[in-house]
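Take a look at the letters that make up each chain.
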Amino acid sequence: MISVDKALEQILGVINPLRLEKVNILEALNRVLGEDITSDRDIPPLPNSAMDGYVLRFDDTLGATRERPVVLTVIDDIQAGRVSTKTIGPGQAIRIMTGAPIPAGADAVTRVEDTEKDGDRVRVYVPAKKGLDIRLAGEDVKKGELIIPKGKIIRPAEVGMFAALNRPDVAVYRRPKVAVLSTGDELVDIGGELAPGMITNSNSYSLAAQVAECGAIPLRLGIARDTREDLISKFEAAKGADLIVTSGGVSVGDYDLVKDVMGELGAMRFWKVAMRPGRPLAFGTIGGVPVFGLPGNPVSVMVSFEQFVRPAILRMSGFTNLFRPAVKAVLKEGLQKKAGFRYFLRAVVELKGGKYYAVMTGEQGSGILKSMVMANGLIVLPEDVTSLIAGDEVTVQLIDRSFETA
Ligand code: AMP
Ligand code: MG
């Protein structure tokens, strides 16, 4: 049996980022950029107006007031998307719309609110301010500038910037394909008939959903029966996956054959981790592909996925921050635990007056899937702790988005 930390170290020791692929910029959302994005252009390409108004010569507007406006001749009208060929001379102005390029001869823009049109002239009521309301060429992005470095997580702002740089696609780390296999003679898929003793295969679905939530691609391989032959053939069906996750069959029961088959087809790295739930976890590789033999209990499967599989998937996907945010929370009740194991307790976490509080979701059995449904956090209790009282501070992993608006 190895510690959670050692297990994680061994796992991450064999996990590397996948290769890069070019994808459409919208498909790049939430993925990790695989190239430095340097600008091949100035944005904006030309100086342009930040306001609707009149573009003119600063000197012409000196001393303008509401009572004694300056009157200028309007020689053109530039909408955004057009460039005026005219040059502004003394006493002249050009009507200009936001975003339209500043014509030659001009050095200021007066907002339309500070003017009044009068036929082909305009009355200007306030002195212009030099440079104000003129956007400079390259003031957003300069040609040659490194705008987004490799490794950045792509958000809507980055997608917009790619578009502004005229990029239809970018290099990102590939999304891992994760094979998900449930094992057990007692399992029936959704919709199947539940003969006495049979249960519905929920793990394939919680796992596939966890995989998808990490941004990876789940490949559901269905159910393997508790025989060597079936397990071997299902592992073969997982060829092409970047990672394999199984549930069940890794404990010490007579039909727990997953770890044996893992050893037969590849190399076992470790079996059993000093944690609760999730102790029987097996980890190895088959043909270089990492294989997680997760325990079968519905909570164990999800908790061990959170601790081990999720960081592995994120690293494969190019992420460097691999872990959920963890906060300190005040425990609302006392509890006892066994020394030597790290515990992950399903908890409801709330934020009150700037402090987090955590209370367990009730029954913590590893078969109580409802405890995961109710939980928004996992209380992490270190190996050496044996008892805690209400008011003690604990670390809690925040495992969903419930605090995004808190
Ligand atoms: P095992 O590790 O195979 O002995 O499974 C431990 C417990 O988890 C047993 O009660 C199984 O019935 C249950 N279990 C195993 N696989 C699944 C699954 N795919 N969905 C729901 N429960 C499961
Ligand atoms: Mg089983």
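Residues numbered from 1 in each chain as written. Chains lettered and ligands numbered in written order. Predicted model: local features only at pLDDT ≥ 70, side-chain atom pairs only at ≥ 80, totals over all residues. Heavy atoms only, no water.

A few words on the sheet that holds strand β16 (residues 217-224). The strand order across the open sheet built from 6 strands is β16-β13-β17-β21-β20-β18, with neighbouring strands paired in mixed fashion. Of all the strands in the sheet, the pair left with one neighbour each is β16 and β18 (267-271). On average, each strand axis in the sheet is tilted by 20° relative to the strand beside it, whichever way the strands run. Two strands pair when backbone bridges link them, and strand β20 (residues 282-286) and strand β21 (residues 289-294) are joined in this way by 5 bridges, in the antiparallel orientation. Looking across to β21, one finds that G284 is bridged to V291. Lying over the sheet, helix α1 (residues 4-13) contacts β18, β20 and β21, oriented at roughly 160° with respect to β18. Against the sheet, helix α4 (residues 228-237) makes contact with β13 (177-183), β16, β17 (243-247), β20 and β21, and its axis sits at roughly 165° relative to β16, the strand it touches most. (Pairing = 2+ DSSP bridges. Helix = DSSP H or I, 4+ residues; strand = E, 2+ residues; numbered from the N terminus. Axes fitted to C-alpha atoms, helices over the stretch in contact; angles between N-to-C directions. Contact = heavy atoms within 4.5 Å.)

So, on to the side chain of K259. In this fold, K259 is placed in helix α5 (residues 258-265). Buried and without a salt bridge, K259 has D260 as its closest oppositely charged side chain, separated by 4.5 Å. (Buried < 20%, exposed > 50% of the residue type's maximum accessible area, 1.4 Å probe, protein only. Lys, Arg positive; Asp, Glu negative; His and termini not counted. Salt bridge = Lys/Arg side-chain N within 4 Å of Asp/Glu carboxyl O.)

The environment of ligand 1 is formed by 16 residues, the closest being E186, N201, N203, G249 and G296. Take N203: an N or O atom from its main chain is 3.3 Å from a nitrogen atom of ligand 1. G249 is positioned such that a nitrogen or oxygen atom in its backbone is 2.9 Å from an oxygen atom of ligand 1. In the shell around ligand 1, the residues fall into 3 nonpolar, 11 polar and 2 charged. (Near = heavy atom within 4 Å. Polar contact = N/O pair within 3.5 Å; in protein donor to acceptor, adjacent residues only side chain to side chain. Nonpolar A, V, L, I, M, F, W, Y, C, P; charged D, E, K, R; others polar.)

Counting 42 residues, the largest nonpolar core has L243, F292, L294, F308 and I313 as the members making the most contacts within it. The element best represented in this core is helix α6 (residues 298-316), accounting for 11 residues. (Core = buried A, V, L, I, M, F, W, Y, C linked by side-chain atoms within 4.5 Å.)

Attention now goes to α4. D230, L231, I232, K234 and F235 are the residues of α4 that are buried. Where α4 is buried, its residues touch β13, β16, β17, α5, β20 and β21.

What follows deals with the domain arrangement of the protein chain. Domain annotation for the protein chain reports domain 1 (4-17 + 175-316), domain 2 (20-43 + 140-173), domain 3 (48-135) and domain 4 (326-404). One C-alpha centre belongs to domain 1, the other to domain 2; they are set 35 Å apart. (Domains from an automatic or database assignment.)

A few words now on the sheet that holds strand β6 (residues 92-96). Pairing is mixed across the open sheet formed by 6 strands, whose spatial order is β7-β4-β6-β5-β9-β8. The open sheet terminates on both sides in strands that have one partner only, identified here as β7 (108-111) and β8 (115-118). With strand direction ignored, the average angle separating the axes of adjacent strands in the sheet is 35°.

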